[in-house]
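An overview of the molecular structure
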Amino acid sequence: MKKSLVRIISGAVLLVVAVIINMIYQGWPSLVLYLISYTLVGGDIILKAIRNIIRGKVFDENFLMAIATIGAIIISEYTEGIAVMLLYQIGELFQGYAVDKSRRSIADLMDIRPDYANVKKQDELIKVDPDEVKIGDIIVIKAGERIPLDARVIEGRSLLDTSALTGESLPREVEVGDEILSGCININGLLTAEVIKEYEESTVSKILDLVENASSRKSKSEQFITRFARYYTPVVVILALMLGLIPPLFIKGEAFREWSYRALSFLVVSCPCALVISIPLTFFSGIGGASKKGILIKGSNYFEALANTEIIAFDKTGTLTKGVFDVQEIVPEGISKDELLELAAYAESFSNHPISESIKKAYGKEINQAEISNVEEIAGHGIEVEIRGKKVIAGNARLMKLKNIAYHDKELVGTVVHVALEGKYVGYILIADEIKKDTKEAIKEIRALDIKKTVMLTGDNEAVGKKVGKYLGLNQVFTELLPGDKLNKLEELLTEKSHKGRLAYVGDGINDAPVLARADVGIAMGGLGSDAAIEAADVIIMTDEPSKIPLAIRISKKIIGIANQNIIFAISVKILILILSALGITNLWVAIFGDVGVTILAILNSFRTMRFGK
Amino acid sequence: MKKKFILEGLGCANCAAKMEVAINKIKGVEKATVNFMTQRLIIEGVDELMAEIIEEAEKIVKKIEPDTKMKKA
């Protein structure tokens, strides 16, 4: 690259010298300089053109440029001929630089490949290739090292930098028993872990594979532009031939020289590369920019689908909500909050139902089971026990009705455990799956993005589903769905969208892989570590945040916008220049702008996709 | 069968598109994609014809862009 730059610059200097000499003295000295300059600037293009013709390749851009510039020189337009070649070369260099830069920025981004693993064998640490490590091997990850394979911690605690995978800058704490994902960096502690997946199956391999194969699913604009280029060049070259030959042959008084000049302009504009390069560059940079935000997109066609999303269907548990049951409210009547919680925890102490577990977790203290007697479980209702000799009833509203206890029956989202002490109501505890912090804001943003319909599909009961739906402002809620029903509902929703519109389904990927696969765009939330999600989904949100969904849609709209701008801009400039050249209004300088200038502008425009606002 | 290759030195987007069209026309190829940006060629084709497919694809790559090397990924 540096060598060609030197060649081009010296060629340019010679050109200037030749032009100056030509002003003083017209004749052989400047002519010689012109030829040397041209050879310096365009020699390699001519060689390539000859080589390609021998191989039977016509309409190759080297050939077109060679003909256009040699033609200009033959009709004595030396300066223009050389300048066209010069600018063409500068355009090529810039293109090469831009593509290189873009390729490298993605490579950096994807620099998460672990180089080695420290395997522990009889108290000895051996450095091996991650490929050679087997499931069940014990590995040691020192501070600052990258986790080579998915594993489970068996000793030590530490903070992990997950930003390479999730875009999340906050470190994650891990301790014994936690799963650690390959690709993350161990920040401070020493971790000993048991490998749970081979390298090929590990998160880091899956992600690398995914990004490397990303833009192989091509978008409509990419397909359009390559098809356009296939016909564009031959058509323009044939037009150039006709333009150069027909008028001077058939119209009296028309000079060959003038029409040849116009035809040469056609040849200069006929190169398709400007058009073709900016589109893949746009999408590729977009895939890179999105993954920086923790959004993995499996192909450029999904940008199109996301940008045209009309309906979004969500799974509830684990997607809009955290998927973890927690005590949300403790509302005592006549006793203190702590007393109420203690009664409930003691009453539920023998059960290991998720609801009981969450109450015990909230209580957090040791339960002295010796103080509990006469435990009686009333199936589907609750529990009746004696705690320190006092009769306690804990359960749902039906249980209160059954025992004829007046209870607080305001409508609540979630599961309510009512508690009565010695036949008297003492309050309730509300347990619910908490809605994620940014869910409400995310839905609001989605609605502002021209999405016609937001739907929730959940297996949860109607009361909870409707409440959550109303709170979040969703258009429609379908509840009590079995996994198979979700697919049927999705089919129904697919019939509601317009021809161009797309349907996106957002799930956590654990049990809704078929639905993710059936939707136009399947979006998996927190897909890290779930193989099914990575496989079935088209878009993977590496963090647990629903707010990444409107962001993904906004990014897609921006990318599609830029791609369209580039297509329209490049094609219309080229056509305009063709018309003006045919009429003899412009010259070769304008034509070369039509090629190189458009390329550079389109590439600069495509670079906008690398950065996205919050 | 799916085979992946790296196209080292692939420098022209239009050439990449031409290669893709030509490789897709080889007998036995079910689907071929050339990704200009990642310099990857993926060929899905009939198992028995794979050896010939790869040979043909190499010829096509060389013809369209002589400086490009086709390597096993």
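Our subject is the structure listed above.
These remarks concern the structure in this document. On a predicted model such as this, the values are computed, not experimentally measured, just so you know.

Residue and element names in this part refer to chain A. Strands sit in the order S12-S17-S16-S15-S14-S13 across an open sheet of six strands; the sheet is antiparallel. Edge positions in the sheet fall to strand S12 (321-332) and strand S13 (372-378), since each has one partner strand and no second. Each strand axis lies, on average, 20° off the axis of its neighbour in the sheet, ignoring direction. Of the pairings in the sheet, the one linking strand S16 (residues 415-421) to strand S17 (residues 424-435) comprises seven bridges and is antiparallel in character. Looking across to S17, one finds that Val-416 is bridged to Leu-430.

Counting from both sides, the interface comprises 23 residues of chain B and, opposite them, 26 residues of chain A. Summed over both partners, the interface of chain B with chain A buries about 2100 Å², with 55% contributed by carbon and sulfur atoms. The three residues of chain B that bury the most area against chain A are Asn14(B), Met37(B) and Lys63(B), which together make up 29% of that side's buried surface. Between chain B and chain A we count two salt bridges in total. Put simply, Arg51(A) and Asp67(B) hold a salt bridge, and the shortest N to O gap is 3.8 Å. At the surface where chain B touches chain A, the tally comes to five residue pairs in polar contact (both at pLDDT 80 or more). Of all the elements in the fold, those that place two or more residues in the side of chain B that touches chain A are helix H1 (13-24), strand S2 (29-35), strand S3 (40-45) and helix H2 (50-64) of chain B. Tallied by class, the residues present in the side of chain B that touches chain A amount to 11 nonpolar, five polar and seven charged.

Take empty space enclosed by the protein next. Applying the stated criterion to the full structure yields four cavities of 30 Å³ or more. In this structure, the largest cavity spans a volume of roughly 70 Å³. Forming the boundary of the largest cavity are Phe59(A), Asp60(A), Glu61(A), Pro272(A), Cys273(A), Cys12(B), Asn14(B), Cys15(B) and Lys18(B). A total of three residues in the lining of the largest cavity trace back to one element, the largest contributor, which is H1(B). Residue classes in the lining of the largest cavity are distributed as five nonpolar, one polar and three charged. Taken together, 11 residues form the lining of the second largest cavity, with Tyr88(A), Glu92(A), Gln95(A), Asp595(A) and Thr599(A) sitting closest to its centre. Those elements that place two or more of their residues in the lining of the second largest cavity are helix H4 (78-109), helix H9 (273-292) and helix H21 (588-606) of chain A.

Once that is clear, we can look at the pairing of strand S1 (residues 2-8) of chain B. Residues and elements named next belong to chain B. Both S1 and S3 contribute to a ladder of five bridges, which runs antiparallel. Each residue of the ladder has a partner; that of Lys-4, found in S3, is Ile-42. The sheet contact formed by S1 and strand S4 (residues 69-72) spans four bridges and is antiparallel. Bridge pairing in S4 places Leu-7 opposite Met-70.

Each value, and the rule that gives it
- The numbers attached to residues start from 1 for each chain and follow its sequence in the written order.
- Written order determines the labels here, with chains lettered from A and ligands numbered from 1.
- Per-residue local features of the predicted model are confined to residues with pLDDT of at least 70, and side-chain atom pairs are confined, for both listing and counting, to 80 or more; whole-chain, interface and lining totals are unaffected and use all residues.
- Side-chain numbers here rest on the full set of heavy atoms in the structure, without hydrogens or water.
- Pairing between strands is defined by DSSP: at least two bridges between the two strands are required.
- A run of H or I in DSSP counts as a helix once it spans at least four residues, and a run of E counts as a strand once it spans at least two, with each numbered from the N terminus.
- Axis lines are fitted through C-alpha atoms, for helices just across the contact stretch, and the angle between N-to-C directions can take any value from 0 to 180 degrees.
- Residue contacts follow a heavy-atom distance rule, with two residues in contact if any of their heavy atoms lie within 4.5 Å.
- Computed with a 1.4 Å rolling probe, the buried area is the accessible surface lost when two parts are put together, summed over both parts.
- Note on definitions: salt bridges are taken to be side-chain nitrogens of Lys or Arg within 4 Å of carboxyl oxygens of Asp or Glu.
- Polar contacts, as counted here, are pairs of nitrogen or oxygen atoms within 3.5 Å of one another; within protein the pair requires one atom able to donate a hydrogen and one able to accept it, and residues that are adjacent in sequence qualify only if both atoms are side-chain atoms.
- Charged means Asp, Glu, Lys or Arg here, nonpolar means Ala, Val, Leu, Ile, Met, Phe, Trp, Tyr, Cys or Pro, and polar covers whatever is left, Gly included.
- Points on a 1 Å grid over protein atoms alone make up a cavity when a 1.4 Å probe fits among them but cannot get out, and a pocket when they form an open set with protein on both sides within 12 Å along at least five of seven lines; lining residues each have an atom within 4 Å of a point.
- Grid points are joined across faces, edges and corners, and a volume is the space filled by probe spheres set on the points.

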